[in-house]
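# Descriptive structure summary
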Amino acid sequence: IQDETLSIDEVTEAYGDDYETKESKNGKYETYVYKLGDQKDDAKKNVIAFKVEDDFVTQGTIGYSSSY
């Protein structure tokens, strides 16, 4: 993802407001985590996460990652 090309506002417009945010230990960024899919069990849903710094996405992760 190129610097300052994808804002978190654009992501929430595309994916909606059903996400969790997690702040980094050093407070420099937040991670927006979406659980996607029709499964009733959240553990079986697909996960996509976006690392956000200064309102822009700097990294995207598809699938499970303990780094959120």
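Report on the accompanying structure. Since we're looking at a predicted model, the values are computed, not measured. (Residues numbered from 1 in each chain as written. Predicted model: local features only at pLDDT ≥ 70, side-chain atom pairs only at ≥ 80, totals over all residues. Heavy atoms only, no water.)

## Things to note about the overall build of the chain
As a reminder of what qualifies: Helical segments are the DSSP runs of H or I of at least four residues, strand segments are the runs of E of at least two, and each set is numbered from the N terminus. In this description the radius of gyration comes from C-alpha coordinates, and the expected globular size is given by 2.2 Å times residues to the power 0.38. Residues are treated as being in contact if the distance between any of their heavy atoms lies within 4.5 Å. All accessible areas in this document rest on Shrake-Rupley with a 1.4 Å probe, and a residue is counted as covered only by the protein chains that are shown.
Across its full length, the chain carries 1 helix and 4 strands. Listing the helices and strands of the chain from first to last along the sequence gives α-β-β-β-β. Over its C-alpha atoms the chain spans a radius of gyration of 12 Å, differing by no more than 12% from the 11 Å that the globule rule assigns to 68 residues. Taken over the C-alpha atoms alone, the chain extends approximately 35 × 25 × 20 Å along its principal axes. Sequence separation of 24 or more characterises 27% of the internal contacts of the chain that already satisfy a separation of 6 or more. For the chain, the exposed area adds up to about 5,100 Å²; of that, 40% sits on carbon and sulfur atoms.

## Details of helix α1 (residues 8-15)
Note the cut-off: Under the scheme applied here, a residue whose accessible area is under 20% of the maximum for its type counts as buried, over 50% as exposed, and between as partly exposed, the area being computed with a 1.4 Å probe on protein chains only. What the arc measures is the spread of directions leading from the helix axis to the C-beta atoms.
Looking at α1, one finds that the buried residues are I8, V11 and T12. Around the axis of α1, the buried residues are gathered within 95 degrees of arc, so they sit on the same side. In this structure, α1 carries D9, E13 and A14 as exposed residues pointing more than 90 degrees from its buried face. The inward-facing, buried residues of α1 abut β1 (19-23), β2 (30-36), β3 (46-53) and β4 (56-62). Among the residues trailing α1, G16 stands out with phi positive, at a value near 95 degrees.

## Description of the sheet that holds β1
Paired through backbone hydrogen bonds, the strands of a sheet run either parallel or antiparallel to each other. The following threshold applies: Only strands that DSSP links by at least two bridges are regarded as paired with each other. Axis definition: a line fitted to C-alpha atoms, limited for helices to the stretch in contact. Angles are taken between N-to-C directions and run from 0 to 180 degrees.
Taking strand neighbours across the sheet as the criterion, the 4 strands line up as β1-β2-β3-β4 in an open arrangement whose pairing is antiparallel. The strands lining the two open edges of the sheet, one partner per strand, are β1 and β4. With strand direction ignored, the average angle separating the axes of adjacent strands in the sheet is 25 degrees. Bridge count for β3 against β4 is 6 bridges, and the pairing is antiparallel.

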